[in-house]
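The residues making up each chain are set out below.
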Amino acid sequence: MQKIQKYVESKNEDMPKSPFLKTECEYINSEVFIILLPALEETLRKAKIWEALVRQKCFFNGIDHIAQVLWNNNPRYPGRKFQSPHIFNMPWAREHLKNNPRPYYPKSWLWPEEYAATLIQKTVRQYFVQRQDDVQEMRDFWRKLKLEQSIPELDTNPFLSRRFASTSNFQKN
């Protein structure tokens, strides 16, 4: 009986999965959240210091701070941890801001609270409506119709018309 139990226990031991067989959730939990959660905690601490959660117009930008913390604490580049440059002194940020300068004031400073809330609600509702199956089907139909109208040979070439008639060959743009 003990031999059988040992055999069953040996079969129940989890074999380590190869990196190609890991699920997305396992990857996110083991690789992403280990780095992201401390960055988010530090950002919340900084936001509390700057009172960014209380005042609407605050100099502190949480997204910039998260980008800076993630850049400086990247495990692939341990030397950055000791340099710890500010976000605007990083080469990729300077290049991006040179090509795409920021406006003087962020939209959160210019919009009243009611308008911003309405805009957020509109965007969230739009997202949930566009996820519905019947809406996806209608969007695919209009996308396919637009694609068919852009190819004039479709009416005269039977091979092309057969190819576009099947939905399996249809590719989204």
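Each chain has its residues counted from 1, following the order in which its sequence is written. The predicted nature of this model means local features are confined to residues of pLDDT at least 70 and side-chain atom pairs, given and counted, to a pLDDT of 80 or more, with totals for whole chains, interfaces and linings taken over all residues. Excluded from the side-chain calculations are hydrogens and water; all other atoms, namely the structure's heavy atoms, are used.

## Observations regarding the packing of aromatic side chains
Phase 1 of the analysis: Aromatic rings from Phe, Tyr and Trp, taking only the six-membered ring of Trp, are treated as a pair when their centres fall within 6.5 Å; an angle between ring planes under 30 degrees marks them as stacked, one over 60 as edge-to-face, and anything in between as tilted. Considering all chains together, one arrives at 7 aromatic pairs under this definition.
Phase 2 of the analysis: Residues Trp50 and Phe59 carry aromatic rings whose centres are separated by 5.8 Å and whose planes lie at 40° to one another, so their mutual orientation is tilted.
Phase 3 of the analysis: Exposure is judged per residue with a 1.4 Å probe applied to protein chains only, and the accessible area is read against the type maximum: over 50% gives exposed, under 20% gives buried, and values in between give partly exposed. The class of Trp50 is partly exposed, set by a relative accessible area of 36%.
Phase 4 of the analysis: Aromatic pair Trp111 and Tyr115: ring centres 5.3 Å apart, planes at 80°, arrangement edge-to-face.
Phase 5 of the analysis: A residue is classified by how much of its surface remains accessible, and Trp111, at 27% relative accessible area, is partly exposed.
Phase 6 of the analysis: An aromatic cluster is defined as three or more aromatic residues linked by ring pairs; in this entry it consists of Trp50, Phe59 and Phe60.
Phase 7 of the analysis: Lying over the aromatic face of Trp71, Arg80 brings its terminal NZ or CZ to 3.5 Å of the ring centre.
Phase 8 of the analysis: Note on geometry: a ring has a charge over it if NZ (lysine) or CZ (arginine) is within 6 Å of the ring centre and within 35 degrees of the ring normal. The ring centre of Tyr77 lies 4.0 Å from the NZ or CZ of Arg80, which sits over that ring.

## Some points on the packing of helix H2 (residues 24-50) against helix H3 (residues 62-72)
Phase 1 of the analysis: Interaxial angle, 0 to 180 degrees, is taken between N-to-C directions of lines fitted to C-alpha atoms, where a helix line uses only the stretch in contact. By the criteria applied, helices consist of DSSP H or I runs no shorter than four residues and strands consist of E runs no shorter than two, each listed in order from the N terminus. Where H2 contacts H3, the axes come no closer than 9 Å and their chain directions differ by 135°. Regarding the angle of H2 to H3, the classification is oblique. Crossing of H2 over H3 shows right-handed handedness. Residues Ile35, Leu36, Ala39, Leu40, Glu42, Thr43 and Lys46 of H2 form the contact with H3, whose own contacting residues are Gly62, His65, Ile66, Val69 and Leu70.
Phase 2 of the analysis: Its residues assigned to classes, the contact of H2 with H3 comprises 7 nonpolar, 3 polar and 2 charged. Roughly parallel here means an angle under 35 degrees, roughly antiparallel means over 145, roughly perpendicular means 65 to 115, and every remaining angle is called oblique. Handedness of a crossing is defined here by the sense of rotation of the near helix relative to the far one, left-handed for an anticlockwise turn of less than a right angle and right-handed for a clockwise turn. Any two residues whose heavy atoms approach within 4.5 Å are treated as being in contact. In this count, Pro and Cys sit with the nonpolar residues alongside Ala, Val, Leu, Ile, Met, Phe, Trp and Tyr, while Asp, Glu, Lys and Arg are called charged and the others, Gly among them, polar.

## Describing the pattern of salt bridges
Phase 1 of the analysis: Whenever Lys or Arg places a side-chain nitrogen within 4 Å of a carboxyl oxygen from Asp or Glu, that contact is recorded as a salt bridge. One pass over the full model with this rule turns up 4 salt bridges.
Phase 2 of the analysis: Put simply, Asp64 and Arg102 hold a salt bridge, and the shortest N to O gap is 2.6 Å. Of this pair, Asp64 sits in helix H3 while Arg102 sits in the loop between helix H5 (91-99) and helix H6 (107-110); the two residues are 38 residues apart in sequence, bridging distant segments of the chain.
Phase 3 of the analysis: In this structure, Arg143 and Asp140 form a salt bridge, with 2.9 Å as the shortest nitrogen-oxygen distance. Linking Arg143 with Asp140, this pair stays in helix H8 (residues 133-149), spanning 3 residues, or about one helical turn.
Phase 4 of the analysis: Under the relative-accessibility criterion, Arg143 is labelled partly exposed at 25%.

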